[in-house]
Amino acid sequence: MASNKGVVYQGEGKVTVEDIGYPELVLRDGPGVPKENVDRKCEHGVIIKVIATNICGSDQHMVRGRTTAPKGLVLGHEITGEVMETGRDVECIEKGDMVSVPFNIACGRCVMCQQQKTHICLNVNPERPGSAYGYVDMGGWVGGQSEYVMVPYADFQLLKFPDKDQAMDKILDLTMLTDIFPTGFHGAYSAGVTMGSTVYVAGAGPVGLAAAHSAQLLGASAVIVGDLNEERLQQAKSFGCETVNLREHDRLGEQIEQILGMPEVDAAVDAVGFEASGHGESGEQPAAVLNAIMDVTQAGGGLGIPGLYVTEDPGAADKDAQTGSLKVRFGQGWAKAHSFVTGQTPAMQYNRGLMKSILSGNAQIAKAVNAQVISIDEAPDGYADFDSGIAKKFVIDPHGAIRQ
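Residues numbered from 1 in each chain as written. Predicted model: local features only at pLDDT ≥ 70, side-chain atom pairs only at ≥ 80, totals over all residues. Heavy atoms only, no water.

Worth spelling out the cut-off: UniProt positions are given in the numbering used here, feature names are shortened, and annotations may be inferred rather than shown by experiment.
Under an unreviewed UniProt entry, the name given to the protein chain is Formaldehyde dehydrogenase, glutathione-independent, and the source organism is Salicibibacter kimchii. Recorded in UniProt under Cofactor (unreviewed entry), the annotation for the protein chain is "Zn(2+)". For the protein chain, the Sequence similarities (unreviewed entry) comment in UniProt is given as "Belongs to the zinc-containing alcohol dehydrogenase family."

Put into structure tokens, the structure is as follows:
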């Protein structure tokens, strides 16, 4: 039996690489596994050899100690790889298939899945709707920042690439299909971005950059990205975005007016989430981005909110924010008749179409987010570098299979 290295959360600010044991087609007891999920059989699942798995900003929330994630949790929900073993009940996926794994774990059987709302599947997490690999309060499914991982409900979930050699040639783009690209696209699409739209994207991290590139694919006439980090803003400029450095300018509407000739945009995306900093203010202001995008979005506009918000934030300075209660100016959004779309991204609604855009050469998502390949042993350093605000998206290559 092969060994299996995995990236493991060891408490605030610390991850290590450990042997986590070769996966089985069953969910065993472990950190964060609800008792109802212990020993859950998965003959509908597969074992995947991980070719690429990425460090996500939402992983960083856990590693910073800003969630109730338990020590020993194997991290990672962005998984691309090759099928090594199939369960008894798998009919359509075969050994050797190269696949993308949506970060939402979904059964394909419940009423939510039947409505394509795979982000709130009712059958995979006994504690709440929705689930994901290697994430706090998401059912205890083992993460995929590892050499091998078990994926349940394979026939329903897995996106098979049509050609393995072509997939390896485009692997840095295709690895973004698991989460970041659909999430960025969902943010722009759910905000109503269409031909000719003007768009403001809050945050120039990987999801913000993916949202900005997605807005371009959707036909936006102008995409403005705001952030406090100049290096990240330069990355946004590299593929044609306008930018606003919020460390230097605290009046966002005025900066947008200098770019567009008016202080408002048609649509806006929050790609920051609950660890937001205030504009022109010191310290965290967890509602700052939500209030800012309401300010600068025209009446009747849409707000896409793929940025993560949590129900428990033990690291928040504000007592209300520790339970996810934020000081959002909801009355302003109501008065302007804004539409809000929040929650996990239903990745399966978008990943096949985005795959086709990548394979045709229309989408250049790896370039947009500045993908950089590291080994699994370099993952702890990757987490530290990402947390410093570096303008890179780290792709872990557990088996040394990716050519750059």
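Now that the structure is up, let's keep going.
## Focus on the UniProt feature "domain: Alcohol dehydrogenase-like N-terminal" (unreviewed entry) in the protein chain
Rules: Going along the chain from the N terminus, every DSSP run of H or I of four or more residues is numbered as a helix, and every run of E of two or more is numbered as a strand.
Following the UniProt record, the feature "domain: Alcohol dehydrogenase-like N-terminal" (unreviewed entry) maps to residues 44-162 here. Helix makes up 13% of residues 44-162 and strand 23%, whereas the separation of the span's terminal C-alpha atoms amounts to 22 Å.

## Quick look at the UniProt feature "domain: Alcohol dehydrogenase-like C-terminal" (unreviewed entry) in the protein chain
Sequence positions flagged by UniProt for "domain: Alcohol dehydrogenase-like C-terminal" (unreviewed entry) are, in local numbering, residues 206-274. From the first C-alpha to the last, residues 206-274 spans 16 Å; its make-up is 42% helix and 23% strand.

## Remarks on the pairing of strand S17 (residues 393-397)
For clarity, the threshold we go by: Only protein chains enter the accessibility calculation, which uses a 1.4 Å probe; a residue is then buried when its area is under 20% of its type maximum, exposed when over 50%, and partly exposed in between. Two strands qualify as a pair provided that DSSP identifies no fewer than 2 bridges between them. A crossover gets the label right-handed when its path from the first strand over the helix to the second runs clockwise, viewed with the strands pointing away from the viewer.
With 5 of 5 residues buried, S17 lies mostly within the body of the structure. Burial along S17 is two-sided: the residues Lys393, Val395 and Asp397 and Phe394 and Ile396 are all buried. Pairing of strand S5 (residues 46-54) with S17 involves 2 bridges; the strand directions are antiparallel. Bridge pairing in S17 links Asn54 to Val395. As for the winding sense of the linkage, the β-α-β connection from strand S16 (residues 371-375) through helix H14 (residues 379-387) to S17 is right-handed.

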